[in-house]
Amino acid sequence: MTKSQTSKVTPWEVSGNIDYNKLIKEFGVSKIDEKTLKRIEKHTKEIHYMLRRKVFFAHRDLNWLLDEYEKGNKFFLYTGRAPSGPVHLGHLLPWIFTKWLQDKFGVELWFQFPDEEKFLFKQDLSFEDSQKYLNENMLDVIALGFDPKKTHFIIDTQHANLMYKEAIKVAKKINFSMVKSSFGLTDQANIGSIFYTSMQAVPTFLPSVIKGKNIPCLIPHAIDQDPHFRLTRDIMPKLGYYKPASIQCIFLPPLSGTEGKMSSSEDITIFTTDSPKEVERKINKYAFSGGQATIEEHRKKGGNPDIDVCFQYLKMFFEEDDKKLAQIEKDYKSGKLLTGELKKYTIEKINSFLKEHQKKRESAKKDVERFIYKN
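The structure presented is a predicted model; accordingly, all values stated were derived computationally and were not measured.

**Some points on the packing of helix H10 (residues 191–201) against helix H12 (residues 226–239)**
Across the interface, H10 lies against H12 with an axial gap of 10 Å and an inter-helix angle of 75°. It follows that H10 is roughly perpendicular to H12 by the angle criterion. Taken together, the residues of H12 that come into contact with H10 (itself represented by Tyr-196, Thr-197, Gln-200 and Ala-201) are His-228, Phe-229, Leu-231 and Thr-232. Classifying every residue of the contact of H10 with H12 gives four nonpolar, four polar and no charged.

**Some points on the environment of Tyr-313**
Along the polypeptide, Tyr-313 turns up in helix H15 (residues 309–318). On a C-alpha basis, the gap between Tyr-313 and Leu-255 in space is 9.5 Å, while along the polypeptide they are 58 residues apart.

**Re unusual backbone geometry**
One non-glycine residue, Lys-45, adopts positive backbone phi at about 70°. Its place among the elements puts Lys-45 in the loop between helix H2 (34–44) and helix H3 (49–52). Classification of Lys-45 as exposed rests on a relative accessible area of 66%. You will see that Asp-61, though not glycine, has its phi angle at about 60°, which is positive. Note on Asp-61: relative accessible area 30%, which makes it partly exposed.

**Topic: the nonpolar core**
Residues Leu-51, Leu-89, Phe-153, Leu-218, Ile-270, Ile-283 and Ile-350 are the most contacted members of the largest nonpolar core, which totals 79 residues. It is helix H5 (residues 89–105) that provides the largest number of residues to this core, a total of nine residues. What Phe-153 contacts, discounting residues up to four positions off in sequence, is Phe-111, Phe-113, Met-138, Val-141, Ile-142, His-159, Phe-371, Ile-372 and Tyr-373.

**A closer look at empty space enclosed by the protein**
Applying the stated criterion across every chain yields a total of two cavities of 30 Å³ or more. As a volume, the largest cavity reaches approximately 70 Å³. Considering the residues around the largest cavity, the lining is formed by Ile-40, Leu-51, Leu-62, Leu-65, Leu-66, Phe-75, Phe-97, Leu-101, Phe-105, Leu-218 and Ile-247. Looking at the lining of the largest cavity, the elements with two or more residues in it are helix H4 (62–70) and H5. Here the residues of the lining of the largest cavity are counted per class, giving 11 nonpolar, no polar and no charged. Of the volumes computed, that of the second largest cavity is approximately 40 Å³.

**Remarks on the packing of aromatic side chains**
Here the distance between the centres and the angle between the planes together describe a pair of aromatic rings. By the definition in use, this model includes 22 aromatic pairs. Both rings, one in Tyr-69 and one in Phe-105, keep their centres 5.1 Å apart while their planes meet at 85°; by these two values the pair is edge-to-face. With a gap of 36 residues between them, Tyr-69 in helix H4 and Phe-105 in helix H5 connect regions that are remote in the sequence. On the numbers, 5.5 Å between centres and 75° between planes, the contact of Trp-95 with Phe-111 is edge-to-face. Of this pair, Trp-95 sits in helix H5 while Phe-111 sits in strand S7 (residues 109–113); the two residues are 16 residues apart in sequence, bridging distant segments of the chain. On the basis of relative accessibility, which here comes to 2%, the residue Trp-95 falls in the buried class.

**Observations concerning the pattern of salt bridges**
Scanning the entire structure with this criterion turns up 28 salt bridges. We note a salt bridge from Glu-70 to Arg-39, for which the minimum N-O separation is 3.0 Å. With Glu-70 in helix H4 and Arg-39 in helix H2, the pair connects residues that are 31 residues apart, well separated along the chain. Under the relative-accessibility criterion, Glu-70 is labelled partly exposed at 36%. By relative accessible area, Arg-39 is classed as buried at 18%. The partner of Asp-274 in a salt bridge is Lys-282, and the shortest N-O contact between them spans 2.8 Å. Note on Lys-282: relative accessible area 2%, which makes it buried. By sharing partners, the salt bridges in this structure join Arg-39, Lys-42, Asp-67 and Glu-70 into a single network.

**Overview of the layout of surface pockets**
Computed from the structure, the second largest pocket encloses a volume of approximately 580 Å³. Residue lining of the second largest pocket: 20 residues in total, with Ile-18, Tyr-20, Ile-250, Gln-312 and Lys-315 positioned closest to the centre. Those elements giving two or more residues to the lining of the second largest pocket turn out to be helix H1 (20–27) and H15. Along the lines of polarity and charge, the residues of the lining of the second largest pocket split into nine nonpolar, five polar and six charged.

**Some details on the pairing of strand S9 (residues 217–222)**
Of all six residues making up S9, six are buried, and the element is well covered by its neighbours. Neither face of S9 is left uncovered, since the one carrying Cys-217, Ile-219 and His-221 and the one carrying Leu-218, Pro-220 and Ala-222 both have all their residues buried. As judged from the two bridges shared by strand S6 (residues 76–80) and S9, these two strands associate in the parallel manner. Residue pairing across strands places Leu-77 opposite Leu-218, the latter belonging to S9.

The rules behind the values
Residues numbered from 1 in each chain as written. Predicted model: local features only at pLDDT ≥ 70, side-chain atom pairs only at ≥ 80, totals over all residues. Heavy atoms only, no water. Axes fitted to C-alpha atoms, helices over the stretch in contact; angles between N-to-C directions. Helix = DSSP H or I, 4+ residues; strand = E, 2+ residues; numbered from the N terminus. Parallel < 35°, antiparallel > 145°, perpendicular 65-115°, else oblique. Contact = heavy atoms within 4.5 Å. Nonpolar A, V, L, I, M, F, W, Y, C, P; charged D, E, K, R; others polar. Buried < 20%, exposed > 50% of the residue type's maximum accessible area, 1.4 Å probe, protein only. Core = buried A, V, L, I, M, F, W, Y, C linked by side-chain atoms within 4.5 Å. 1 Å grid on protein atoms, 1.4 Å probe; cavity = no way out; pocket = protein on both sides within 12 Å on 5 of 7 lines; lining within 4 Å. Points joined across faces, edges and corners; volume = space filled by probe spheres on them. Phe/Tyr/Trp six-rings, centres within 6.5 Å; stacked < 30°, edge-to-face > 60°. Salt bridge = Lys/Arg side-chain N within 4 Å of Asp/Glu carboxyl O. Pairing = 2+ DSSP bridges.

Written out as structure tokens, the structure is:
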């Protein structure tokens, strides 16, 4: 757990003004440098805009993973979603990048749905509600276009017969003090939450178990989930498996400002099922602006894109064209582009994305069983 006067970053809570350079030092991850980007580009023939713009900014053992890949030891991808509410734009960010990795490297993805996690950690969430969210959340993942032949959904309670015997091997190597120090748990934590990280570790080596050979693993995830995988990396060599490599992204900010991250618990979050009118209402009413108080003042002084939520959404997610983004930034800073105009453009980009996503989400209802792993 990381705390300071201004921020808090744990797998279950993110708040305040996040200093990502500080997190690199405190979590012990490495910054993605130009040399590593060039190694990736050698295989992908292009660099994803989330890498170019440092949305994915840090890693663990990414160069080792590329070494293995170049030897012919193909890796697999692992990421996931703990069902506790509807999917919002912030959830999609790492998944879209994960799909790019799957496409470019031609690798399998093991997508974990730990349907017990948030039930154990949230007092107000029933297990029955988590199951409803599970079914809805799967549709959002499928809608992004993952390859059904190379994508396997693992659901903790449904695949317990496959996962539990591996989880207890992990659990035997972890003591309570390790869990407390990694996650900030206290003696009042329920025993399910203490055991849970053992289940989170299983997909990092489950394909190696199934296929009977040691396979490298790459985990794309937001930086707040890193404590789970730091602990996992300590355990894996003791069980005879590779330490999982990982690549971390920053948080898509909430509409209310550039601090913290978008949360399902906030009423002003943009969900994947929102209507065009709802998106327009939320952006116009709640999106924090980097503009000036009046049009006259904005024309004279210009806006600050670094704190403007709409610009951050375009930069991190919705505007892939670097030249277009640079022009928007220049015009906003100069005062040529007004806050209302920037909001209007962002609304159009989000709604264009969601229109297609919602069509694919509806179509995904017939495909869910294709994605659930059959063991």
